[in-house]
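# A look at the structure
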Amino acid sequence: MNLDALAPWASDPRRTRGRRLTERPAAPRNEHERDRDRIVHSTAFRRLVYKTQVFINHEGDLFRTRLTHSLEVAQLGRSMARALRLNEDLVEAIALAHDLGHTPFGHAGQDALQACMAEHGGFEHNLQSLRVVDRLEARYAAFDGLNLTFETREGILKHCTRRHAERLVAAEPDGPAQRFLQGGQPSLEAQLVNLADEMAYSSHDVDDGVRSGLITVAQLHEVPLLAQGHAAVLAEHPGLNARRVLHETLRRMLSAQVGDLVASTEAALQAAQGASARPFTADDVRRSSPLVCMSEPWRAQAATLKRFLFRELYRHPRVTHMTALGRTVITELFSAYRDRPAEMPPEFADAADPPRAVADYIAGMTDRFALREHQRLTGRRLFDV
Ligand code: MG
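Everything in this summary refers to the structure shown in the same document. (Residues numbered from 1 in each chain as written. Predicted model: local features only at pLDDT ≥ 70, side-chain atom pairs only at ≥ 80, totals over all residues. Heavy atoms only, no water.)

The next subject is the overall build of the chain. Along the backbone of the chain there are 18 helices and 0 strands. Taken over the C-alpha trace, the chain has a radius of gyration of 22 Å; the compact-globule value for 385 residues is 21 Å, and the two agree within 12%. The dimensions of the chain, computed from C-alpha atoms along their principal axes, are 60 × 55 × 35 Å. Within the chain, the fraction of its 385 residues that count as buried is 54%. At a minimum sequence separation of 6, the contacts of the chain that also span at least 24 residues come to 71%. A total accessible area of about 17300 Å² is found for the chain, and carbon and sulfur atoms account for 53% of it. The positive charge centre, built from 50 side chains, and the negative charge centre, built from 50, are 1 Å apart in the chain. (Helix = DSSP H or I, 4+ residues; strand = E, 2+ residues; numbered from the N terminus. Rg over C-alpha atoms; globule rule 2.2 N^0.38 Å. Buried < 20%, exposed > 50% of the residue type's maximum accessible area, 1.4 Å probe, protein only. Contact = heavy atoms within 4.5 Å. Areas by Shrake-Rupley, 256 points an atom, 1.4 Å probe, with all protein chains shown as cover. Lys, Arg positive; Asp, Glu negative; His and termini not counted. Charge placed at Lys NZ, Arg CZ, Asp CG, Glu CD.)

This part covers the pattern of salt bridges. Tallied over the entire structure, the rule returns 41 salt bridges. Measuring nitrogen to oxygen at the nearest pair gives 2.4 Å for the salt bridge that ties Glu92 to Arg78. In this pair, Glu92 is assigned in helix α4 (residues 88–97) and Arg78 in helix α3 (residues 66–84), connecting sequence segments 14 residues apart. For Glu92, a relative accessible area of 14% gives the class buried. By relative accessible area, which is 22% here, Arg78 ends up partly exposed. The salt bridge partner of Arg340 is Glu343, with a shortest N-O separation of 3.7 Å. With a relative accessible area of 37%, Arg340 lands in the partly exposed category. (Salt bridge = Lys/Arg side-chain N within 4 Å of Asp/Glu carboxyl O.)

Time to look at helix α10 (residues 188–212). Helix length check: α10, at 25 residues, gives a terminal C-alpha distance of 36 Å against a target of 36 Å (1.5 Å per residue), a fit within 8%. Burial runs high along α10: 22 of the 25 residues are buried. Just downstream of α10, Gly213 is the residue with a positive phi angle, here 85°. (Expected span 1.5 Å × (residues − 1).)

At 2.1 to 2.4 Å from the magnesium ion lie its protein donor atoms, namely His69 (NE2), His98 (NE2) and Asp197 (OD). Along the chain, the residues that donate to the magnesium ion are spaced as H-x28-H-x98-D. Residue His69 is located in helix α3, and its partner Asp197 is located in helix α10; the two are separated by 128 residues in the primary sequence. Overall, His69 belongs to the buried group, its relative accessible area being 0%. (Donors = N, O, S within 2.8 Å, 3.2 Å for Na, K, Ca; no water.)

Following Ala27, the chain continues to Pro28 via a peptide bond in cis, the omega torsion being 10°. The phi dihedral of Arg85 is positive, around 60°, even though this residue is not glycine. In this structure, Arg85 sits in the loop between α3 and α4. Of the residues examined, Arg85 reaches a relative accessible area of 41% and is grouped as partly exposed. Phi is positive for Phe105, which is not a glycine, with a value near 65°. Assignment of secondary structure puts Phe105 in the loop between α4 and α5 (106–116).

Core analysis: the biggest nonpolar cluster contains 78 residues, and Ile39, Met80, Leu100, Leu192 and Leu261 have the highest contact counts within it. Among the elements that line this core, the one with the most residues is α10, at 11 residues. Excluding its chain neighbours within four sequence positions, the residues that come into contact with Leu100 are Ile39, Ala44, Phe45, Leu48, Ser129, Val132 and Val133. Counting 26 residues, the second-largest nonpolar core is a separate cluster that includes Phe348, Val358, Ala370 and Leu377. (Core = buried A, V, L, I, M, F, W, Y, C linked by side-chain atoms within 4.5 Å.)

Moving on to the environment of Glu166. Summarising the element assignment, Glu166 is placed in helix α8 (residues 162–171). Of the residues examined, Glu166 reaches a relative accessible area of 42% and is grouped as partly exposed. Distance from Glu166 to Leu181, taken between C-alpha atoms, is 7.4 Å for residues 15 residues apart in sequence.

This paragraph deals with the packing of aromatic side chains. Evaluated as defined, the whole model comprises 4 aromatic pairs. Ring centres 5.3 Å apart and planes at 70° place the aromatic pair Tyr337 and Tyr361 in the edge-to-face group. Taken as a pair, Tyr337 in helix α15 (residues 317–339) and Tyr361 in helix α17 (residues 354–363) lie far apart in primary sequence, 24 residues in all. Each of the two residues, Tyr337 as well as Tyr361, counts as buried. Considering the side-chain rings of Phe348 and Tyr361, the 4.9 Å spacing of their centres and the 45° angle between planes classify their relative orientation as tilted. In this pair, Phe348 sits in helix α16 (residues 346–349) while Tyr361 sits in helix α17, placing the two residues 13 residues apart along the sequence. Considered together, Phe348 and Tyr361 belong to a single accessibility category, that of buried residues. (Phe/Tyr/Trp six-rings, centres within 6.5 Å; stacked < 30°, edge-to-face > 60°.)

What follows deals with the side chain of Glu31. Its place among the elements puts Glu31 in helix α1 (residues 31–40). The exposure class of Glu31 is buried, given its relative accessible area of 15%.

Here Ala10 lies in the segment before α1. According to the relative accessible area criterion, Ala10 is buried, its value standing at 3%. Residues within four places of Ala10 in sequence aside, it is in contact with Arg85, Leu86, Asn87, Glu189 and Ala282.

Encoded structure:
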């Protein structure tokens, strides 16, 4: 990435707010490339390949997992960052790390762990992603975690309740939780990853939904955006097989969405620059309203697609059946380790805060490891992997 080509409002790695523990520069890599490399080499990143996105990992080899989802978010994010002259390396680092804190079994796993931890400080996957990169990765001699830059950590901490923010700010007054107390936005790169995440899953969940047979192509016609795209592809390529028609439809939808986001964001940034008496900078972005955006018609289309996916896929009886089993696995694992901490590795068994250590240990598991542990500790086999 050519740093001199960055827009004035981009996050420039030469002006990073730095790492909690200062390190010597690692030329020729810039500080955000270095963050990205640390994330790729982390244990938590490798585990994403065996973690559920929507479908439990063993249901099929072709469905997205959290790893392929994260790669798709990074790809979309990078190409939009390049068009907007933002920091591609920072976008990639945030995208690859954004789901590191996810439990096994997708949102059902998170809900179960949240319920188990209700009396012990709660559990939230965004906070857990930050905890993974700040504390839980154990690879470096001089520090716990990955010692990432402020900007990468700021992007990872996408949401945070006031209660959690107060606790984090007490420990780190200038840290990434401060904005949840004082208001304000994260960098443009972080805002971009949030939207790339939504774009990626709304598109790939349609693909996986159809591939699994839980959604039919006929149902897609309930979503005007897909219906129009589908009809246009069929008109241009009569007789093309259904899978390729669907891929072509989704491909066109994504590239139209990328084009809209780039144009809308460019316009919002030009307006912000126009209203400012001096060059608009990355720090001005943090004091501004959200600037990475889609146009109103696209926002409405994207919302319709999301509602469709909720109704027809995420709440499909086959999905909810599997996720209910996943919830049972997590809940029973939590009780088993609370009662018998010695069943965990020593670094978790001997930790100062036992419920947190159990949550950390379970959150780090892959779907199949969680299932195997559940069977070992309860003697029951809920489903096969
Ligand atoms: Mg995601």
